[in-house]
Amino acid sequence: MRRSSTDESTYRRSPSPPGKEPGFARGGAFFGLHANPGPKAAQARYTSPKGNKYVVFYLDLSFIFLLELKRCSMARGCLQGVKYLMFAFNLLFWLGGCGILGVGIWLAATQGNFATLSSSFPSLSAANLLIVTGTFVMAIGFVGCIGAIKENRCLLLTFFVLLLLVFLLEATVAILFFAYTDKIDRYAQRDLKRGLHLYGTPGNVGLTNAWSIIQTDFRCCGVSNYTDWFEVYNATRVPDSCCLEFSESCGLHAPGTWWKAPCYETVKMWLQENLLAVGVFGLCTALVQILGLTFAMTMYCQVVKADTYRA
């Protein structure tokens, strides 16, 4: 049976160029076997232009430069974010100090030495405490604001150190208070009883007003009992603020018309009942201070890094 011309054409091989033999003897490939191309072909195959090395070097250098520039931009953006956060924090801190100072000045101007109960520390009044606290808070807030807006390392470090000292002082006082509660109670009661002898005397308006307010609001009389006033007056009488129903010279009446609860224990019980609020206030104060310390140290480190990049 004869094959058609189309079938034959599929098996027909094209003629080879002159001087070239088919197969792998002349450098062709057959089943993955290659002939030796010779020294000139190898040199032409593996030799690259010398300029390519410098092009690759410049590309690598440009890539490193772009990465470093991006890192500097990210560090600068982070620094700006911390800067404005710290400025806002210290602005609120400074405004809070202004408010505390204002209340202290108002109390000193209108109420005198308000809430002076201790005879050992007559200047330890509520007004003076508020004035000192407000001034100190304002100073710390001012240093923090200027240090943040100017990105000054010295001011930032000063703010951090001052705030850290305040935090450590508060923590030390709290630890000592809980460690020596009994001794503090005894000393406080003795000091308050000595302060009763200054009640109603000239120059002690703050102490007189403080005892009158405490005995009226807490419905109590004396430090440990109403008999504490007998030693003050050398008679069986109490201040009019101890009376169940206030009236002129009601303290001269019979003990049945006076409050019987001791003021020290009554105020102490009130503080224990509101211990949660006191604890929350203390915790919030500590968290605010820790936040300020974190902002200050973070910005200080960012400023140091930024100065290093600029250099």
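Conventions used here
- Residues numbered from 1 in each chain as written.
- Predicted model: local features only at pLDDT ≥ 70, side-chain atom pairs only at ≥ 80, totals over all residues.
- Heavy atoms only, no water.
- UniProt positions renumbered as here; feature names shortened; annotations may be inferred.
- Helix = DSSP H or I, 4+ residues; strand = E, 2+ residues; numbered from the N terminus.
- Phe/Tyr/Trp six-rings, centres within 6.5 Å; stacked < 30°, edge-to-face > 60°.
- Buried < 20%, exposed > 50% of the residue type's maximum accessible area, 1.4 Å probe, protein only.
- Lys NZ or Arg CZ within 6 Å of the ring centre and 35° of its normal.
- Patch = residues over 30% accessible without salt bridge, like charges linked within 9 Å, V, L, I, M, F, W, Y side chains within 5 Å.
- Areas by Shrake-Rupley, 256 points an atom, 1.4 Å probe, with all protein chains shown as cover.
- Salt bridge = Lys/Arg side-chain N within 4 Å of Asp/Glu carboxyl O.

What follows deals with the UniProt feature "transmembrane region" (unreviewed entry) in the chain. This chain's UniProt record puts "transmembrane region" (unreviewed entry) on residues 84-109, 129-149, 156-180 and 275-300. Secondary structure content for residues 84-109 is 100% helix and 0% strand, and the end C-alpha separation is 37 Å. The distance separating the terminal C-alpha atoms of residues 129-149 is 30 Å; by composition the span is 100% helix and 0% strand.

All right, on to the packing of aromatic side chains then. Per the stated rule, a full pass over the model turns up 10 aromatic pairs. Ring plane angle 70° and centroid distance 5.0 Å describe the contact between Tyr199 and Trp229, whose orientation is recorded as edge-to-face. Of this pair, Tyr199 sits in the loop between helix H6 (181-196) and helix H7 (205-218) while Trp229 sits in helix H8 (residues 228-233), and the two are 30 residues apart along the sequence. Judged by its relative accessible area of 15%, Tyr199 is buried. Aromatic side chains Trp211 and Trp229 sit 6.2 Å apart centroid to centroid with 80° between the ring planes, which places their arrangement in the edge-to-face category. Of this pair, Trp211 sits in helix H7 while Trp229 sits in helix H8; the two residues are 18 residues apart in sequence, bridging distant segments of the chain. On the basis of relative accessibility, which here comes to 3%, the residue Trp211 falls in the buried class. Its relative accessible area of 0% is what places Trp229 among the buried residues. Here the aromatic residues Tyr199, Trp211, Trp229 and Tyr233 are joined through ring pairs into a cluster of three or more. Just above the ring of Tyr233 sits the side chain of Arg237; from NZ or CZ to the centre is 4.4 Å.

Another point: a nonpolar patch on the surface. A cluster of nonpolar side chains, Leu176, Phe177, Phe178, Tyr180 and Ile184, forms an exposed patch at the surface whose accessible area comes to about 520 Å². The element that contributes the greatest number of residues to the nonpolar patch is helix H5 (residues 153-179), accounting for 3 residues. By the element assignment, Phe178 lies in helix H5. With a relative accessible area of 65%, Phe178 lands in the exposed category.

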